[in-house]
Structure formats: structure tokens, C-alpha cells
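Summary of structural features
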Amino acid sequence: SFLNESAEKIVAVLKERGIDHCDTIISGLPWAIFPHSLQESILDQVYKALRPGGRFCTFAYLQGLVMPAGQNFKALLDRVFDGKVERSPIVWMNLPPAFVYRCEKAN
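Residues numbered from 1 in each chain as written. Predicted model: local features only at pLDDT ≥ 70, side-chain atom pairs only at ≥ 80, totals over all residues. Heavy atoms only, no water.

1. Looking at the nonpolar core
Judged by nonpolar contacts, the single largest core of 20 residues is most densely connected at Phe 56, Leu 77 and Phe 81. Residue contributions to this core peak at 4 residues, all from helix H2 (residues 36-49). The residues touching Leu 77, leaving out its near neighbours within four places in the chain, are Leu 43, Phe 56, Asp 82, Val 85, Tyr 101 and Cys 103. (Core = buried A, V, L, I, M, F, W, Y, C linked by side-chain atoms within 4.5 Å. Buried < 20%, exposed > 50% of the residue type's maximum accessible area, 1.4 Å probe, protein only. Helix = DSSP H or I, 4+ residues; strand = E, 2+ residues; numbered from the N terminus. Contact = heavy atoms within 4.5 Å.)

2. Digging into unusual backbone geometry
A cis amide bond links Leu 95 to the next residue, Pro 96, at an omega of -5°. Its place among the elements puts Pro 96 in the loop between strand S3 (85-87) and strand S4 (98-104). Residue Asp 82 is not a glycine yet carries a positive backbone phi of 50°. One can find Asp 82 in the loop between helix H3 (68-80) and S3.

3. Re H2
When the terminal C-alpha atoms of H2 are compared, their 20 Å separation across 14 residues agrees well with the 20 Å that a helix rising 1.5 Å per residue should span. The set of residues buried in H2 consists of Gln 39, Ile 42, Leu 43, Gln 45, Val 46 and Ala 49. Seen end-on, H2 carries its buried residues on one side only, within an arc spanning 155°. In this structure, the buried residues of H2 make contact with helix H1 (10-16), strand S1 (22-27), strand S2 (50-61) and H3. (Expected span 1.5 Å × (residues − 1). Arc of directions from axis to C-beta.)

4. Regarding the sheet that holds S3
Where strands meet in a sheet, backbone hydrogen bonds hold them as pairs that are either parallel or antiparallel. Spatially, S1-S2-S4-S3 is the arrangement adopted by the 4 strands of the open sheet, whose pairing is mixed. Looking along the sheet, the strands with just one partner apiece sit at the ends: S1 and S3. Across this sheet, the average inter-strand angle for adjacent strands is 15°, counted without regard to direction. Where S2 lies against S4, 7 bridges are found, and the strand directions are antiparallel. Bridge pairing in S4 places Ala 60 opposite Phe 99. (Pairing = 2+ DSSP bridges. Axes fitted to C-alpha atoms, helices over the stretch in contact; angles between N-to-C directions.)

5. Overview of the packing of aromatic side chains
Counting across every chain of the model gives 8 aromatic pairs. Each ring, one from Phe 56 and one from Phe 81, has its centre 6.0 Å from the other, and the planes form 0°; the classification is stacked. Placement of Phe 56 in strand S2 and of Phe 81 in the loop between H3 and S3 is noted, with a sequence separation of 25 residues between them. Each member of the pair, Phe 56 as well as Phe 81, carries the same accessibility label: buried. Relative to Tyr 61, the ring of Phe 59 lies with its centre 5.4 Å away and its plane at 75°, an arrangement referred to as edge-to-face. Under the relative-accessibility criterion, Tyr 61 is labelled partly exposed at 35%. In this structure an aromatic cluster arises from ring pairing among Trp 31, Phe 34, Tyr 47, Phe 56, Phe 73, Phe 81, Phe 99 and Tyr 101. For the cation-ring pair, Arg 87 lies above Phe 99, with the distance from its terminal atom to the ring centre recorded as 5.5 Å. Across from the ring centre of Tyr 47, 4.7 Å away, lies the NZ or CZ of Lys 105, which sits over that ring. (Phe/Tyr/Trp six-rings, centres within 6.5 Å; stacked < 30°, edge-to-face > 60°. Lys NZ or Arg CZ within 6 Å of the ring centre and 35° of its normal.)

Shown next as C-alpha cells:
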């Protein structure tokens, strides 16, 4: 089933369904256009929703590596996930070129 709800409420939505934690959360949200406060709020919920050792994956575009908004988002991921953040190789066939951040919650 599908939900039309803010990602800021992921923990409450899971609890309503009797789910304590997720193994994996995959996001296609446009992080670079969100204010920093919204990024923090959503990532806080993502982190709380994941089980220990759980994974969070999201994509970004190549320009995010050099633009301040993208660099700030990467720093936020590193802070939230205590540096357990990997970046996939760049997918050059995608337009614009993109990559995936893979983050892991500490055990």
C-alpha cells in the first residue's frame, strides 16, 4: 500500500503499523532543495526508524559533489551516520550523472 505522508513522520507511521524498525530505507527525495532544518528532521527520523546495522540509501547528482548544498548534505549524512557513508561510482549514463549514498546505522 502507499502512503501520502511527510517523511518527517516515518517513525510514527511505522508504529501505527506495528513496525518497530526497518532493515532498509530507500529515498528518492530531492535533498538539495530542502532547507537544512528539513534535511536534519527527516534524517533524524530515518536514523530512528532503522534497526541497528540498518541501511539508508539515497541518490544525488554529480553537481552535488561540488555545490555547497550537496557538500552540506554529505556532511550531514556523515554526522548522522557517524561516518558510515559510502558513495557508489558515478553513473555516467544517467542524465544528469548521479551516484548513490549508502549509509549504515551503527550496531
